[in-house]
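Structural overview
Spelled out from the first residue to the last, the chains are:
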Amino acid sequence: MAGPRYPSLYQINTRVWLTELSQKLGRLATLDDIPDAELDRLAEMGFDWVWFLSVWQTGPGAQQVSRSNAEWRREFQQTLSDLREDDIAGSGFAITGYTVHKNLGGDAALARLRERLRKRGLRLMLDFVPNHMGLDHPWVEEHPEYFIQGTELDRARAPQNWTWVKRKGGDLLLAHGRDPYFPGWPDTLQLNYANPATQEAMIGELVKIAGQCDGVRCDMAMLVLPDVFERTWGQRAPLFWPAATQRVRQRVPGFLFMAEVYWDLEWTLQQQGFDYAYDKRLYDRLREGRARPVREHFHAGLDYQDKLARFLENHDEPRAAATFSPEVHQAAAVISFLSPGLRFFHQGQFEGRKKRISPHLVRGPNEPVDEKLKEFYDRLLAVLRQPIVRDGQWQLLECTAAWEGNWTNDCFLVFAWRGPKGESLVAAVNYASNQSQCHVRLPFAGIAGKKWQLQDQLSPASYEWNGADLQGRGLYLDMTPWQACVFALRMR
């Protein structure tokens, strides 16, 4: 199933959504209970991919840790003032098997959901967690050599990173999964990528997953890179991702890999077989609120930018509505989602939800809908459904001073989009807390000698321009703080 050059993805917190459905139905809801009308709505909104978070089997070991960890529990109580034990199911990333959790309806229910998505032109993305497994994964008994094993000296040096695991075949001291900058995740066990047998087993898991969905989001994908693994564990691991992605695509051509990745390793993972890598750098620069670093981010080549996943929130980050003021939120959204790459949205983002829901929880808080923000996203999604920004040509434009001594041109980001049938779109954002002015030359052919209407797709505003003026000094912009416009150019 061929897709657009620049697709859109919607992330769903599966367990939380099914808890809401269960409350409506008065019984335990499974994937089969997701209404067709909801899937229709996602297709009509223009999404190409739906990522169902946390569908895999987890175990009682991780759940017990989640319920007893005092720090985590404080976070849960901040999210749910009426927190109950049943709300804490354990992290969806402490996996005990890549089979669909029985409470969600099992593998058969997922297969039926995938078929329903396929009929609507929607592709299914699921999780793959390469770095670690849940505490009670069967491999603990069957293949302890797949995990990092330690000594009492290791435990004495860093007790937070190790745990004794009871086994029928003899207790072992095993490492918790972690990255090199933080203590271990106490509900997980670290896989040993220095062991080729572990890598082979994980490729086998990936091949199995590839039979159940169309793509995977790979959790903390950089942790199994040889340099990172050696820095964390003192052991050199062979390369994993090139062989893994190649082997999967031999079985399932076109299977998609998206990497959660940080530390400026996006390009590295793109080169090792990933279709997309998280663009955390853009997100961080948008949060800083300064236009120039954001604009400089877009100087990279399209061979890199086309393979970035642009986002303003996901299950790991705080909610965008809680992070950005309303005006900055809208400006940052226009920049993020009208740039090249994968447009990555999160359930609750359009409604302005402000409380992040931990992946340990299966219930979320009741929050009011921000109708003004929802209206903005409705307009933005309508723009993103247009072929010009799904398959067109993107270009970063240069903004020059409106007059000598006026420095505020430095506050702008302006993108041009050209469609296959000559359509033209200009996205302009004043990413600053001050009013700003600039001139910007448009790269579209045949502008001179005609009259043009610039219709803002995000508001009722419309402007008339003479083609000779546009061809000369360029489009003049005078925009209020954080103002964002998306102009469709139409000949009068």
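These numbers were taken from a predicted model, which means no experiment stands behind them.

**A word on the overall build of the chain**
The helix and strand inventory of the chain stands at 19 helices and 23 strands. Here the chain has a C-alpha radius of gyration of 24 Å; the compact-globule value for 492 residues is 23 Å, and the two agree. The proportion of buried residues among the 492 residues of the chain is 59%. Distance between charge centroids for the chain: 3 Å, based on 59 positive and 61 negative side chains.

**Considerations on the packing of aromatic side chains**
A full pass over the atoms with the stated rule returns 35 aromatic pairs. Relative to F350, the ring of Y10 has its centre 5.9 Å away and its plane inclined at 15°; by these criteria the two rings are stacked. A residue pair is termed long-range when its members are at least 10 positions apart, and Y10 in strand β1 (residues 8-13) and F350 in the loop between β14 (342-346) and α17 (371-384) qualify at 340 residues. On the numbers, 5.8 Å between centres and 50° between planes, the contact of W51 with F344 is tilted. Separated by 293 residues along the polypeptide, W51 in strand β2 (residues 49-53) and F344 in strand β14 bring together distant segments of the chain. Neither residue differs from the other here; W51 and F344 are each classed as buried. Following the ring pairs from residue to residue traces out a cluster consisting of W56, Y98, F128, Y193, F229, F240, W241, F255, F257 and F274. Its guanidinium or amino end placed over the ring of W233, R178 lies 5.0 Å from that ring's centre, counting from NZ or CZ.

**What to know about the side chain of S66**
Note that S66 resides in helix α3 (residues 60-68). Residue class for S66 comes out buried when judged on its relative accessible area of 0%. Beyond its immediate sequence surroundings of up to four residues, S66 is in contact with W72, F76, I88, G90, S91, D187 and H360.

**A word on the state of the cysteines**
Summed over all chains, the structure comprises zero disulfides. Here C213 is not disulfide-linked; the sulfur of C218 is the nearest cysteine sulfur, at 9.9 Å. C213 gets classed as buried once you look at its relative accessible area, which sits at 0%. Here C411 is not cross-linked by a disulfide; its sulfur's nearest cysteine counterpart is in C438, at 9.6 Å.

**Concerning the sheet that holds strand β23 (residues 484-491)**
With antiparallel pairing, six strands are arranged side by side in an open sheet as β15-β17-β18-β23-β20-β21. The outermost strands of the open sheet, each flanked by one partner alone, are β15 (393-396) and β21 (462-466). Ignoring strand direction, the axes of neighbouring strands in this sheet form an average angle of 25°. Across five bridges, strand β20 (residues 451-456) lies against β23 in antiparallel orientation. When the sheet's bridge partners are listed, Q455 is paired in β23 with A488. Along the sheet face, helix α16 (residues 326-337) touches β17 (412-418), β18 (424-430) and β23 and points at about 140° away from the line of β18.

**Observations concerning the sheet that holds strand β12 (residues 276-278)**
Strand order in the closed barrel formed by eight strands is β1-β2-β5-β10-β11-β12-β13-β14, and the pairing between neighbours is parallel. Going across the sheet, the axis of each strand differs from the next one's by a mean of 30°, ignoring polarity. Looking at chain direction, strand β10 (residues 215-218) and strand β11 (residues 256-259) are connected through four bridges and run parallel. For R217, the partnering residue across the bridge sits in β11 and is M258. Contacts from helix α1 (residues 14-25) reach β1 and β2 within the one sheet, and its direction differs from that of β1 by about 60°.

**Overview of the pattern of salt bridges**
Taken as a whole and assessed by the stated rule, the structure comprises 33 salt bridges. A salt bridge links R363 to D87; its shortest N-O distance comes to 2.8 Å. Of this pair, R363 sits in the loop between β14 and α17 while D87 is found in the loop between α4 (70-79) and β4 (95-100), placing the two residues 276 residues apart along the sequence. Exposure remark for R363: the relative accessible area of 9% places this residue in the buried category. Judged by relative accessible area, which is 3%, D87 ranks as buried. A salt bridge links R310 to D279, with the shortest nitrogen-to-oxygen separation between them at 2.5 Å.

**Examining helix α10 (residues 241-251)**
Within α10, the full set of buried residues consists of W241, A244, T245 and V248. The buried residues of α10 occupy one face: seen down the axis, they fall within an arc of 90°. Looking at α10, the residues exposed on the side facing more than 90 degrees away from the buried face are Q246 and Q250. In this structure, the buried residues of α10 make contact with β5 (123-128), α8 (196-210), β10, β11 and α11 (266-271).

**Some details on the pairing of β17**
The buried fraction of β17 amounts to six of the seven residues, a majority that puts the element mostly inside the structure. With four bridges connecting them, β15 and β17 associate as antiparallel partners. For L396, the partnering residue across the bridge sits in β17 and is F415. Relative to β18, β17 runs antiparallel, the two being bridged by seven bridges. Among the inter-strand pairings, V414 is bridged to a residue of β18, identified as A428.

**Quick look at unusual backbone geometry**
Of note, the phi angle at S54 is positive, near 60°, even though the residue is not glycine. Looking at the secondary structure, you find S54 in the loop between β2 and β3 (56-58). Unusually for a residue other than glycine, D264 sits at a positive phi of about 60°. Looking at D264, the relative accessible area reads 49%, which means it is partly exposed.

Reading guide: rules and limits
- Residues numbered from 1 in each chain as written.
- Predicted model: local features only at pLDDT ≥ 70, side-chain atom pairs only at ≥ 80, totals over all residues.
- Heavy atoms only, no water.
- Helix = DSSP H or I, 4+ residues; strand = E, 2+ residues; numbered from the N terminus.
- Rg over C-alpha atoms; globule rule 2.2 N^0.38 Å.
- Buried < 20%, exposed > 50% of the residue type's maximum accessible area, 1.4 Å probe, protein only.
- Lys, Arg positive; Asp, Glu negative; His and termini not counted.
- Charge placed at Lys NZ, Arg CZ, Asp CG, Glu CD.
- Phe/Tyr/Trp six-rings, centres within 6.5 Å; stacked < 30°, edge-to-face > 60°.
- Lys NZ or Arg CZ within 6 Å of the ring centre and 35° of its normal.
- Contact = heavy atoms within 4.5 Å.
- Disulfide = S-S within 2.5 Å.
- Pairing = 2+ DSSP bridges.
- Axes fitted to C-alpha atoms, helices over the stretch in contact; angles between N-to-C directions.
- Salt bridge = Lys/Arg side-chain N within 4 Å of Asp/Glu carboxyl O.
- Arc of directions from axis to C-beta.

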